[in-house]
Amino acid sequence: MKVELHMGEWMINMGLVGLYRVFEYGRKHEIISEEQKHSVTVKPWGIELDTDVLPQLPRAYFLYLLEEYSVARRECERLDAYIEQVKNEEQFKSNINTLKKSISDTGTKILKYFTHETLESILKQIKEIKKYEQVHQLEEHIRTLKQVYSEPKINEKLTFNYFKHAILKPLFFGQVSFLNVSKNNLDFEGHVEEFYNSYIFPVVNDLYLESVINDSHSMEEISSLLEKQSEYQLFRQLKRAWKKKTLEEVREYIQTEINKCLLFNERLAFYNFEEMVFSPIGVAKDKAFNFSWYFNGEQPRPLSSLAKLVLLFAPIGSTIYYKNEGINEQTERRLYAGFVQTDATFAEVLQKNNHFRELKKKREPFNKIVSQLVQSVKKESEYTVDHLFFLEFFSDYDSKKTHLHYYHLPMYLAHYFKQYADGLDSIKPYDYREQFVQSVLRGADPIHVIYHYLRDCIKNERSTNGPYIAVRERNRILQFKKGVRDMATTDKRVSALFMQGREIRDAIIRSSGSEKKVTSIAYRLLNAAKAGNRKSFMDTLMRIYMSTDRPMSPIFLNALHERDLDFATVANAFIAGLLANQYKEEQEEVQA
């Protein structure tokens, strides 16, 4: 039987991308049989699926995850990085304890499940290594350790534990099916069987029931199916409900009593969209009264077994990566799932998400990712660009908490990233650049990032090249939003304000011989700018110019009338220049 899986909401698209990736992996590694190698085909609207391939998907699913998140590969790469550090005599003392702890932690996890005399012996010997002269001995032990980590049973157990408890359970599904703690002792084949029973078996039966109901000419065919598959709990319920009904009455029952799936509208929905199906935005049905259709508390958001299966592939369709949230001391590192959504064909959605995943694996910054994805869109496809957005979410099933971020890419931003994305590279540290870009994509003004950035530079005496670039790029984005495309004049104005700040800094230091006075003035100006207090800012500015016996440039009038530049740009460009002591740029003459 062939089934059409149409694209729709982002979580379904994520699942379809994951389903196709698993199928392609299975086909490439001969997990999918020769007869079923064309069972999943890409269509403009989504995927056409031959249901005969379904029983082969669980094995391909877990083998894909074992390769993608291999703990053996990760730990071997980590050991290689550590050994390079300890081989340097100067770095030996500072890194040897970190290396030992990493080895001890992984060894403890292995010995929790396996008896391994070689590993126990190596762990004892590594504890005795304390001097640089023992590095060659350490290298030998690490070579043996890498062989231990790569043993199939050990890698399989540790990798299963990792992707189940670090990714699938907290981010996506909670403790459903093979993710339940009671299933922790399952081996590979046990996981495959559990997957089949929980997800494949219901889909096969539900689809067959729909087909029989549509094609039957008598009630006997339906009754025969329900009797034949009586081990399926749903069929036992339907058998009781339809016991004395005619075919017409059964069809009427389906029309009036059984809801259609909210994600695949043509499918019968015997399940519910809740947290155990997709925990980031799912709500337990006993707490989802506000979502109820016709106040049906038993099925507030109807879902088909087919949609439930597709959602199980969402973790593979997304890109998983760590991300720092917050700035400086308030930074928290969290595991996120990201996805690129567009109204284009499924082939393009697949291509963009494959590209996104590769860029994230290379740890490319967000501005580079956006720029490259925009550059790959054909010039005539402006509709596609205008309907392109990124989404990412962090979710913790245990605490019932989800952070879901949407990053839309309107046309003016697409044009900006095509022309000026590289200019953002000078915003360092990396966290400030990421915060800046993500604020812009959320449609928020990144000015709060610039305020944090400038305060950080004042407090830690950092070069202000980065904040100046951030001010300039923010102004460029504002100009693009207004429809301006030529940045030459507006860039000169921002540069002129920066240079004014540098000149005033030099004048203050010449007259007072103190950096502290500059810092004090910078704090005062920054507080006024952050509060939007133009009067206080201009008063302080005029006093500075008067104390240094210098004429005040007419360009500062923009702080009042905002004809060419907004107040925040004027203030922050000047403050960045006031703090600059290493940044070199030629003075540019501009007209105020």
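One can find the structure itself at the top, above this paragraph.
Rules of the game
Residues numbered from 1 in each chain as written. Predicted model: local features only at pLDDT ≥ 70, side-chain atom pairs only at ≥ 80, totals over all residues. Heavy atoms only, no water. Helix = DSSP H or I, 4+ residues; strand = E, 2+ residues; numbered from the N terminus. Buried < 20%, exposed > 50% of the residue type's maximum accessible area, 1.4 Å probe, protein only. Contact = heavy atoms within 4.5 Å. 1 Å grid on protein atoms, 1.4 Å probe; cavity = no way out; pocket = protein on both sides within 12 Å on 5 of 7 lines; lining within 4 Å. Points joined across faces, edges and corners; volume = space filled by probe spheres on them. Nonpolar A, V, L, I, M, F, W, Y, C, P; charged D, E, K, R; others polar. Pairing = 2+ DSSP bridges. Expected span 1.5 Å × (residues − 1). Bend = angle between axes of the 7 residues up to and from the residue. Axes fitted to C-alpha atoms, helices over the stretch in contact; angles between N-to-C directions.

**Q** Please clarify how the environment of Leu57 should be interpreted in this entry.
**A** Here Leu57 shows up in helix α2 (residues 57-68). Take Leu57: its relative accessible area is 0%, and that puts it in the buried class. In the structure, Leu57 is positioned 34 residues away from Phe23 in sequence and 7.1 Å away in space, judged by C-alpha atoms. Among all residues touching Leu57, those that are not within four sequence positions of it are Leu19, Val22, Ile32 and Phe313.

**Q** Hey, could you run me through the layout of surface pockets in this one?
**A** Where empty space is left in the structure can be found by rolling a water-sized probe over the atoms. Taken as a whole, the largest pocket spans an internal volume of roughly 1,300 Å³. If you trace the largest pocket, you find 34 residues lining it, with Ile320, Tyr321, Tyr322, Lys360 and Arg363 closest to the centre. Elements supplying a minimum of two residues to the lining of the largest pocket: α2, α3 (71-86), α7 (152-173), α13 (314-317), β6 (319-325), β7 (332-341), α14 (346-361) and α18 (430-441). Here the lining of the largest pocket takes six residues from β6, the largest share from any one element. When the residues that make up the lining of the largest pocket are grouped by side-chain class, the tally is 13 nonpolar, six polar and 15 charged.

**Q** Got a minute to help me understand the pairing of β7 in this structure?
**A** Each regular strand carries side chains that alternate between the two faces of the sheet. By the criterion of burial, β7 is predominantly enclosed, with eight of the ten residues buried. Relative to β7, β6 runs antiparallel, the two sharing seven bridges. Bridge pairing in β7 places Thr319 opposite Gly338. With five bridges connecting them, β7 and strand β8 (residues 389-396) associate as antiparallel partners. If you follow Val340 over to β8, its bridge partner there is Phe390.

**Q** Please clarify how helix α8 (residues 188-215) should be interpreted in this entry.
**A** A turn of α-helix holds 3.6 residues, and therefore any two residues three or four places apart point the same way. With 28 residues, α8 should reach 40 Å at 1.5 Å per residue; the first-to-last C-alpha distance of 39 Å fits that figure. Along α8, the sharpest change in direction is near 40 degrees and occurs at Tyr196.

**Q** Which parts of the structure should I look at to understand the sheet that holds strand β3 (residues 46-50)?
**A** In a beta sheet, neighbouring strands are held together by backbone hydrogen bonds and run either parallel or antiparallel to one another. If you trace the three strands from one edge of the open sheet to the other, you get β1-β3-β2, paired in antiparallel fashion. Both edges of this open sheet fall to β1 (2-6) and β2 (40-43), since each of them pairs with a single strand only. Each neighbouring strand pair of the sheet contributes to a mean axis angle of 20 degrees, computed without reference to strand direction. Where β2 and β3 come together, four bridges link them in antiparallel fashion. Bridging from a neighbouring strand, Thr41 pairs with Glu48 of β3. The strands that helix α1 (residues 10-28) touches are β1, β2 and β3; relative to β1, the one it contacts most, it runs at about 130 degrees.

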